[in-house]
Amino acid sequence: MKSLNCLLLGLFFAVPLFAFSQTSTINGILRDSTTNNPLPFATISLFKNNASQPVKATFTDETGKFSIPTDTGSFTILCTFIGYADKRIPVTIRNNESRDLQTIFLVSTTKSLGAVTVTARKPLIEQTDDKIIFNTDADPSTKTENALDILRKTPFVSVDGNDNITVNGQSNFRILLNGRETGMFSQNVSQALKSFPGASIVKIEVITNPSAKYDAEGVGGVLNIVTQKQIIGYNGNASLTLSSIHNTFGNLSFNLKKGKVGVSLNYFYNAIGLLGNQAPPFFADSRTDAINSQTYSSRILNGITIQQLFQNFGNAEISYDLDKYKTISIYGSVTGGFNNLSTTTSIHTIFPTTTTTSFLTLQNNTNSPNYNVGSDFIKKFKDIPEKEFSIRLFTEYSKNDRFLDSYQDNTETDRYIINNNYAHNTQTTLQTDYILPMKRKQKIETGLKFILRNATSDYESLIKTSPTEEYMILPANTNNFNYLQQVYSAYGSYNFALKKFPFRIGLRMEHTEVDGNFNGTETAVRQSYTNLIPNIQTSTQITKEYKMVLSYGQRIQRPFINSLNPFINNNDTLNISYGNPALRPQLIHNLTLQNNFAKGKVFAGLTLGGSYSNNKIIQIINFNKETGVSTTTNENLGKESQISLNGNITANFSKVWNMSVNSNLNYTYIKNSSDLAQQNSGLTGFIGVSNNFKVNPKFTISTFVGNFKPPIGLQGYTSSQWFYNITPSYKLFKDKITITLAAARFITKYVTVRTIQKDINFRSENLNSFQARNFRIGIVWNFGKLKENVSKKKGINNDDVL
């Protein structure tokens, strides 16, 4: 531990100090040319004559004043502020004199419609060296969709017919909300995203090769969902969407910036099958054929499930500018609700000489409340606006209580089982980061992070064989699991340029301590390991229109608490599942070559990637020929190689029509390291085409069509699915109200997803059917100012992530 502390301190303090030496200043005040009002927090950049990069920059204060130190020589002052035309002023400084430019007037370029300000429209897809951005504001159809629907259209992200998500071809990834961690996505990610209304989302950032600044967890990369905008004054929106499948969701958001105080409030909810409106049922049909089995030859299940769900999420943030360069913010969120599933299944078991029929009734209720609170302190610096020091503290408390009550009506002995699992998790995070820009396009980033996770799972299993009996405890499936995980992290990242080649190199160290035990059996789980995660990226501008980016990085995936929990789900006696407390973290290597082309109104990106993991966490189904029992658990037994080709094209054909095409093609080879005969390979991928037609300034029609083939697994594959919708929208009352209609997958009422799993002992085919035909109507009300402001605490980009 002593060497670990030395490494942490070394990385943190090994930051070169850098200072400028000036004896002169340039002063002035920035005002609106029409109203004469001061322009606070505008960017003032100082350029040497004919230079393309500023030597330094600063911001105006609340009264529009600025002061920027300089040396002697000839310079150009550039004044920029969103919604205003840039202004350049030549300045010459002699003999260490100071210059007062007095009042500088900027001319507004925005066009006001009542209380709403209309600014330039962003492209649907943007791409930088380290991320690709899907601007949902540019797609009106997203206003009646949820976050999961939007991800189907997002580059590098795929969602199959069972709502399973992959990022960059991997099922393990990390989700941030406005650049921060949130407990909302710590349990059922797909269900949480389905509860997240698209009307509250501004953009989604996909970071497939995160820098060393980001946690190493999430082998597929990072998804950052951005909802909030920095503003002057206030803004907000409220939305409500109703659907033909009795799914209702809505949101309310409010943002305020007045003087030194900023406030952000958000609330949204998602409801399925409530208020007497039953949602369409799900159908699950499966057939398992045993090979050379000593028990049954086939087992056929036909089930129907009814869902009732209510989830809601609220968060609040308040920030205060201590002075011109320091801000403190406090934020918190609450998530709650329930998800109840009622399933009835008929089971036909075929033996060599007879067939038996039984019925299984299962009530599965889940309650997953989550509470978290955090605080950030951010300090910028006068002479170098991009220089930053920050400290962040975040604490989260969550529960995932599941109650399963089943009754199996058998030909001989009936079976009543109650399985209750009370899982609680507390997580505390302390993080500090330092950013130091330097001359000649150099920048150093370094930081420390500590995460303490404390999870408990108190589970019990009760059984009886008749309705008149008392339930008896099953000791083998009743226990208390305590799990303590500590993660110590330190990182350093260095940006520099060699001629025309900018580089970013970084190294992140993460040391993990795990201490788990089962109180009932005195079984202990002890793990201690250190991972060094390198990251390197370089790029070159081949021509004015064409750019290439080459990157290499590693990612890590620690097993989730649900994957470690040994609780046995035994409601179906011949089909059980449980966690594996011996799971180790998974490590993956990624190499990508990104090609970006932009000319005029056309943007195109083509990314070739390769990845490899020799300890992938995979789900394995084992079939016991002697008992006929199928067991499902996770093991570190996967060796996986993957080659991927991701492409996207965005084109504005005219003022009224723009189109975006997103696609990926993956070849995957995976095998079981403990059984080399067990392997699988194949091509999977996705293609989606989005069109937006602006019939007139008020009326827009959006369309989307796509096909997705999910990634293969070690033991099987899932069928491909078509997705399509058409969404007209119309703006009213000076664009404050938007009404949207949507028709999704309307050709066929029900869609079936087919999954095949097999090995030398069994073959299983599962057919999951659900109503895909869906008609929605939504209304969005925007109020207040919608003019964004550059935050002086966040540098040039007002949507920076942590």
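Sequence positions are assigned chain by chain, starting from 1 and proceeding in written order. Residues qualify for local features only when their pLDDT is at least 70, as the model is predicted, and side-chain atom pairs are given and counted only at 80 or more; totals for whole chains, interfaces and linings, by contrast, use all residues. To get the side-chain values, all heavy atoms of the structure are used, and hydrogens and water are removed first.

Caption draft 1: Representation of the overall build of the protein in the model. In terms of regular secondary structure, the protein is built from four helices and 46 strands. Here a residue-residue contact requires only that any non-hydrogen atoms of the pair lie within 4.5 Å. Contacts in the protein between residues at least 24 apart in sequence constitute 65% of all its contacts with a sequence separation of at least 6. Every accessible area reported is derived by Shrake-Rupley at a probe size of 1.4 Å, with residue values counting cover from the shown protein chains alone. If you sum the accessible surface of the protein, you get close to 35200 Å²; carbon and sulfur atoms cover 58% of it. Under the DSSP-based scheme used, a helix requires at least four consecutive residues in state H or I and a strand at least two consecutive residues in state E, with every element numbered from the N terminus.

Caption draft 2: Fine view of the pairing of strand 45 (residues 762-771). DSSP calls a pair of strands paired once it identifies at least 2 bridges connecting them. Of the strand pairs in this sheet, strand 20 (residues 282-290) and strand 45 are connected by eight bridges, and their pairing is antiparallel. When the sheet's bridge partners are listed, Ser 286 is paired in strand 45 with Asn 766. Taken together, the nine bridges between strand 44 (residues 750-758) and strand 45 define a ladder with antiparallel strand orientation. Across the sheet, the residue bridging to Val 753 is Asn 768, located in strand 45. The hairpin formed by strand 44 and strand 45 contains three residues between the paired strands.

Caption draft 3: Inspection of the packing of aromatic side chains at higher detail. When the centres of two rings from Phe, Tyr and Trp lie within 6.5 Å, Trp using its six-membered ring, the rings pair. Their planes under 30 degrees apart give stacked, over 60 give edge-to-face, and anything left gives tilted. Applying the stated criterion across every chain, the model contains 21 aromatic pairs. For the ring pair Phe 254 and Phe 783, a centre distance of 6.4 Å and an interplane angle of 20° mean the geometry is stacked. In this pair, Phe 254 sits in strand 18 (residues 247-258) while Phe 783 sits in strand 46 (residues 774-784), placing the two residues 529 residues apart along the sequence. Relative accessibility under 20% of the residue-type maximum defines a buried residue, over 50% an exposed one, and the middle range a partly exposed one, all with a 1.4 Å probe and only protein chains included. A relative accessible area of 16% means that Phe 783 is categorised as buried. With 5.5 Å between their ring centres and 75° between their planes, Phe 403 and Tyr 422 make a pair best called edge-to-face. Note that Phe 403 is positioned in strand 25 (residues 388-409) and Tyr 422 in strand 26 (residues 415-438), a separation of 19 residues in sequence.

Caption draft 4: Spatial organisation of the side chain of Thr 718. Inspection of the secondary structure puts Thr 718 in strand 41 (residues 716-718). Of the polar contacts made by the side chain of Thr 718, one reaches the side chain of Thr 755; its length is 3.3 Å. Counting of polar contacts relies on pairs of N or O atoms within 3.5 Å, with two restrictions inside protein: one atom must be capable of donating a hydrogen and the other of accepting it, and residues adjacent in sequence are counted only when both atoms are side-chain atoms.

Caption draft 5: Structural context of the sheet that holds strand 4 (residues 65-70). Taken in spatial order, the three strands make up an open sheet running 4-1-7, and their pairing is mixed. The outermost strands of the open sheet, each flanked by one partner alone, are strand 4 and strand 7 (99-106). On average, each strand axis in the sheet is tilted by 25° relative to the strand beside it, whichever way the strands run. As defined by bridge partners, strand 1 (residues 24-32) adjoins strand 7 across six bridges and the pair is classed as parallel. Looking across to strand 7, one finds that Arg 31 is bridged to Phe 105. Helix axes are fitted to C-alpha atoms over the stretch in contact, other axes to C-alpha atoms as well, and angles between N-to-C directions run from 0 to 180 degrees.

Caption draft 6: Spatial organisation of the pattern of salt bridges. We count a salt bridge whenever a side-chain nitrogen from Lys or Arg sits within 4 Å of a carboxyl oxygen from Asp or Glu. One pass over the full model with this rule turns up 22 salt bridges. A salt bridge links Lys 326 to Asp 323; the shortest N-O distance between them is 2.5 Å. Ionic contacts of the salt-bridge type, sharing partners, join the residues Arg 174, Asp 215, Glu 217, Lys 449, Arg 453, Arg 508, Glu 510 and Arg 558 into one network.

Caption draft 7: Just the environment of Lys 731, in detail. Positionally, Lys 731 belongs in strand 42 (residues 721-732). Here Lys 731 falls in the partly exposed class, since its relative accessible area comes to 34%. For the pair Lys 731 and Ile 779, spaced 48 residues apart in the sequence, the C-alpha separation amounts to 9.8 Å. For Lys 731, the residues in contact, after removing those within four places along its chain, are Pro 697, Lys 698, Ile 737 and Thr 738.

Caption draft 8: Layout of unusual backbone geometry. Residue Gln 102 is not a glycine yet carries a positive backbone phi of 60°. Along the chain, Gln 102 falls in strand 7. On the basis of relative accessible area, Gln 102 is assigned to the exposed category, the value being 57%. The phi dihedral of Asn 292 is positive, around 55°, even though this residue is not glycine. With respect to the helices and strands, Asn 292 occurs in the loop between strand 20 and strand 21 (298-321).

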